[in-house]
Amino acid sequence: MTHTYRTHNCGALRKTDVGNEVRLSGWVHRVRDHGGLLFIDLRDHYGLTQCVIEPDAEAFALAETVRAEWVIRIDGRVDKRSDETINPQMHTGDIEVRISALEVLSQAAELPLPVFGEPDYPEDTRLKYRFLDLRRETLHANIVRRSEIISAMRKHMVEQGFTEYQTPILTASSPEGARDFLVPSRMHPGRFYALPQAPQQFKQLIMMAGFDRYFQIAPCFRDEDARADRSPGEFYQLDIEMSFVTQDDVFNAVEPVLRDLFTEFGGGKPVTQEFPRITYAEAMRKYGNDKPDLRNPIEMQDVSRHFAGSGFKIFAGMLEKDKKNRVWAIPAKTGGSRAFCDRMNSWAQGEGQPGLGYIFFRNGGEGAGPVAKNIGAERTSAIREQLELEDGDAVFFVAGDPKKFAEFAGAARTRAGEELGLVDHERFDFCWIVDFPMYEWDEDNKKIDFSHNPFSMPQGGMEALESMDPLDIKGWQYDIVCNGVELSSGAIRNHKPEIMLKAFEIAGYGPEVVEEKFGGMLRAMQYGAPPHGGIAPGVDRIVMLLAGEPNIREVTMFPMNQQAEDLLMGAPSNVSAAQLRELHIRLNLPNKT
RNA sequence: GGGGGUGUAGCUCAGCUGGUUAGAGCGCUGGCCUGUCACGCCAGAGGCCGCGGGUUCGAGUCCCGUCACUCCCGCCA
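Residues numbered from 1 in each chain as written. Chains lettered and ligands numbered in written order. Predicted model: local features only at pLDDT ≥ 70, side-chain atom pairs only at ≥ 80, totals over all residues. Heavy atoms only, no water.

## Overview of the overall build of chain A
- Check the secondary structure of chain A and you find 17 helices and 22 strands.
- Overall, chain A is about 95 × 75 × 60 Å in size when its C-alpha atoms are taken along their principal axes.
- In chain A, which comprises 593 residues, the proportion classed as buried is 48%.
- Pairs at least 24 residues apart make up 68% of the contacts formed inside chain A by residues separated by at least 6 positions.
- For chain A, the accessible area works out to roughly 29,900 Å², and carbon and sulfur atoms hold 50% of it.
- Across chain A, 68 positive and 89 negative side-chain charges occur, with their mean positions spaced 2 Å apart. (Helix = DSSP H or I, 4+ residues; strand = E, 2+ residues; numbered from the N terminus. Buried < 20%, exposed > 50% of the residue type's maximum accessible area, 1.4 Å probe, protein only. Contact = heavy atoms within 4.5 Å. Areas by Shrake-Rupley, 256 points an atom, 1.4 Å probe, with all protein chains shown as cover. Lys, Arg positive; Asp, Glu negative; His and termini not counted. Charge placed at Lys NZ, Arg CZ, Asp CG, Glu CD.)

## Quick word on the protein's contact with RNA strand B
- Near RNA strand B you find 43 residues, and of these Arg30, Asp33, Glu96, Glu224 and His452 are the closest.
- The contact atoms of RNA strand B, taken as those within 4 Å of the protein, divide so that sugar and phosphate hold 51%.
- Taking Arg67, its side chain carries an N or O atom lying 3.2 Å from a phosphate oxygen of RNA strand B.
- For RNA strand B, a phosphate oxygen lies 3.1 Å from a polar atom in the side chain of Asn551.
- Among the elements of the structure, β1 (21-33) and β5 (95-106) are those that each provide at least two residues to the surface near RNA strand B.
- Classifying every residue of the surface near RNA strand B gives 10 nonpolar, 14 polar and 19 charged. (Near = heavy atom within 4 Å. Polar contact = N/O pair within 3.5 Å; in protein donor to acceptor, adjacent residues only side chain to side chain. Nonpolar A, V, L, I, M, F, W, Y, C, P; charged D, E, K, R; others polar.)

## Remarks on the pairing of β5
- For strand β3 (residues 47-53) and β5, the ladder comprises 2 bridges, and the chain directions are parallel. When the bridges of β5 are listed, Val52 appears paired with Arg98.
- Two strands pair when backbone bridges link them, and strand β4 (residues 71-80) and β5 are joined in this way by 10 bridges, in the antiparallel orientation. Paired with Arg73 across the two strands is Glu103, which belongs to β5. (Pairing = 2+ DSSP bridges.)

## Some words on the sheet that holds strand β2 (residues 38-44)
- Taken together, 5 strands build a closed barrel; the order of strands is β1-β2-β3-β5-β4 and the barrel is mixed. Between one strand and the next, the sheet's axes are offset by a mean angle of 55°, whatever the strand orientation. (Axes fitted to C-alpha atoms, helices over the stretch in contact; angles between N-to-C directions.)

## Side note on the sheet that holds strand β6 (residues 163-164)
- With respect to topology, 8 strands assemble into an open sheet ordered β6-β9-β10-β22-β21-β20-β17-β11, the strand pairing being mixed. The sheet terminates laterally at β6 and β11 (277-279), the two strands that pair on one side only.
- Two elements, β11 and strand β17 (residues 430-434), share 3 bridges in a ladder whose sense is parallel. The partner of Arg277 across the bridge, within β17, is Trp432.
- Across the face of the sheet, helix α4 (residues 137-159) comes into contact with β6, β9 (214-222) and β10 (233-243) while running at roughly 135° to β9.
- The strands touched by helix α16 (residues 539-547) within the sheet are β9, β10, β20 (477-482), β21 (485-492) and β22 (532-537), with β21 carrying the most contacts at an inclination of about 145°.

## Some details on a negative patch on the surface
- On the surface, a cluster of negative charge is made up of Glu148, Glu159, Asp260 and Glu264.
- The set of elements that each furnish at least two residues to the negative patch consists of α4 and α6 (247-265).
- With respect to the secondary-structure elements, Glu159 resides in helix α4.
- The class for Glu159 is exposed, based on a relative accessible area of 58%. (Patch = residues over 30% accessible without salt bridge, like charges linked within 9 Å, V, L, I, M, F, W, Y side chains within 5 Å. Salt bridge = Lys/Arg side-chain N within 4 Å of Asp/Glu carboxyl O.)

## Topic: the environment of Phe162
- With respect to the helices, strands and loops of the structure, Phe162 is situated in the loop between α4 and β6.
- Residue Phe162 is classed as buried on the basis of its relative accessible area of 4%.
- Considered as a pair, Phe162 and Glu241 are 79 residues apart in the sequence and their alpha carbons are 9.1 Å apart.
- In this structure Phe162 touches Met157, Arg213, Tyr214, Phe215, Ile240, Glu241, Met242 and Ala253, once residues within four positions along its chain are discounted.

## Re α16
- Here α16 lies mainly inside the structure; 7 of its 9 residues are buried.
- Along α16, the residues classified as buried are Val539, Asp540, Ile542, Val543, Met544, Leu545 and Leu546.
- Taken from the residues just after α16, Gly548 is the one with a positive phi, measuring 65°.

## What about the confidence of the model for chain A?
- Across chain A, pLDDT averages 92, with 99% of residues at or above 70.
- Mean pLDDT across the secondary structure elements of chain A bottoms out at helix α10 (residues 338-350), with 82, and peaks at β6, with 98.
- Across the predicted assembly, pTM comes out at 0.92 and ipTM at 0.88. (pLDDT = per-residue confidence, 0-100.)

## Considering the pattern of salt bridges
- Per the counting criterion, the structure on display carries 39 salt bridges.
- Arg73 serves as the salt-bridge partner of Glu103, at 2.7 Å between the closest nitrogen and oxygen. Placement of Glu103 in strand β5 and of Arg73 in strand β4 is noted, with a sequence separation of 30 residues between them.
- Here Glu103 falls in the partly exposed class, since its relative accessible area comes to 35%.
- Its relative accessible area of 12% is what places Arg73 among the buried residues.
- Residue Arg154 pairs with Glu164 through a salt bridge whose shortest N-O separation is 2.6 Å. Pair noted here: Arg154 is in helix α4 and Glu164 is in strand β6, with a separation of 10 residues, a long-range link.
- Using a relative accessible area of 34% as the deciding quantity, one classes Arg154 as partly exposed.
- By relative accessible area, which is 26% here, Glu164 ends up partly exposed.
- Overlapping salt bridges bring together Glu54, Arg77, Asp79, Glu96 and Arg98 as one network.

Below, the structure is given as C-alpha cells:
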C-alpha cells in the first residue's frame, strides 16, 4: 500500500530508482510550460525533483493550472534523463519523474514574496511573510545549520563532562545592566517578574548548590535597542559555569569547543588552533579596540618620540602640554598614494576629527605629505624604520590622550585594512582578551562603577580592593573575540561575601543594597561557596559567523524588526481591558500629537 | 533619545537645470511553443511618485514637517 503523500522525498531519487513508480509531495518550485511539454520542479525540505508531463497524459489539464508554491502530490515513474538533459547541479539531476497522476493538496495565492530565485525583497515584507521567506534556500539552510551547530555544541559539552540544566524564565528584576522585560504578577498586585538577562545568578547558585560543569543553551532577554548583530529582546547563549577552576581551566574547556565547532562548520576556512591571549591594555594599544579583528594585520605603535620637539607643531605642542598625550602610528602597507591618504583624511573629517596626518612613501623612499615636510627627512626615516615600511606604504598619525582617541584610531585601522584589501576574509581568527579593568570612571554620574560584571573576582582579591586605586584593579574577566566580533564574555566569579560587599562598596553600593538586590546570592556565599567561573558564548553570533551572514536576522527563524515588533505574529499587541484589570494595571500612555 | 541612508508598478531601479500622456527589467494575467532547468516568443493589466503642507503658471523633481524601513551612536552589568 502506497503512503498517502509520498514514497520518497524530493531530494531522494537517483539513477538506481529508474523504472520505479513513486509518489512525491511538495511545493511547486517552478513551472516551465512548453505547451507540448510541461516541467514542474517539485520542492520539499530535502530537495528538488524535476517532474515532467506530456499532453496525452490524463493529468495534463490539471498540471497546466498549477502555480508557484501550490502544494501538490504526484505519482509517476522515475525516468533516466537522456545525456544532454542531465542537470549536474541537482542532486536528483540524473532522473526525472514522469507524472501519471496529480492531486492539488493546497493552492497558493499570488505571492507577496517569491521563493524561486530568492530575489532581494524589503525586510518588512520578508518578516511579515516569514513562512515564505523561510522556504527560500539560503535562509532555510541557515536555520538548519543553526540547529546542527547547536546540536554539536551540546555534543561537545556533554563529551567534556558538562550537564545541561534549565533555569527559570520568570525571575526577579536585577538592578544592574540592561533594561529588563517585566511581567506583571496577577497574584501580587504591583509586583513584577523579569525575564532573565542571562542566567548569571542561577548558574552561580547551581555551583554553590554542589553541581559542577553546568551548561545550557540559554534564552536571554534584554530590552535594549537592536543592532545588525543584536536582536531586539531575545538571544541565546551557550551558558557555561564550572567549580574549582582557574581562568586557565575555563579556557581549556571552552577553547576546543569553539575551535572544533568552527572547524566543523566553517566551510574549510582556517581556524586559530591556539587562541592568543591579549590583555585589554595591549588590545587597546595595538588595535584601538577590545574586540580586535586579527585578520587585519595592522598593528599600531607609539611614535611619540619622533614627534617630541619636532617641526610638526600641533603634535609637538600636544606632547609638551600633557605627558598623558601620545602620538600613535597606524602603518598602512601598500597605502602609499596621495589619493588613498586623502581619502582617509576626508573620511576622518567625516567622523568629526580635525583630520588624519599621514606620510606616504613613493619610489625612492622619500616620505611625502605635509607631516613629512614638517618633521624633516631624519625623523621621517626613523618612523619608517620603526614601522618597517617600504616604498609604496603609508602611515597615519593620531595624537592626544590615548583614552580619548583610541576608539577613533581603531576605526582608522579597520578602515585602512579593509580599503587596502589587507584583511583576509577567508579565516576565523580567534583570541582571548584578558585582564579587563574591574572598574571604570562613569563620566555621567561622576563615580566609579563596575566596568564589566559585578560578580567577578578582582585580581589580587580583598587585598587589591583595599590597597589599590580602583581604576587600576583588574578582574578575572575575559572575552573571546573572533574576526572582530565579541563572541563571549566570562569571568572567574567572586565566591566570598566579604569581597562582594567590598567590591560593591567601591562602586558606591552599601551592604543594604547588596542585601536587597542580591540577597539570595549573598546568602548562598555564606554557606560554603566553591571557587567557580564560567563564560557564555553567544549562539546567534557564532551561527552568524559560521553562516557568513552580516545580520542576525538571517540566522533567526522568527526575528523581530529593529523596532522590536514581530510583523508576523503582531507582537507586541494590545490586550483586553479584562486582562489588564486582572493584572491590576492601568495604562498611562504618552501623548502623541 | 540622537545622527546618516532609503522611500517612484508586487519587486529591483531609471526619471537631467521643475515643463506634455511617469519608464525599463523581473514578477503577474492571457496566447503560442515537445527537452527545459533563470526556458523562449507575443500581448496585456498594473502608479495617491510614502503621507501632509508650502514655493511656483506648473512639483516625482525645490523647501518644511511627518511616517516607515534600515545602518550607526547612546544603551547592551
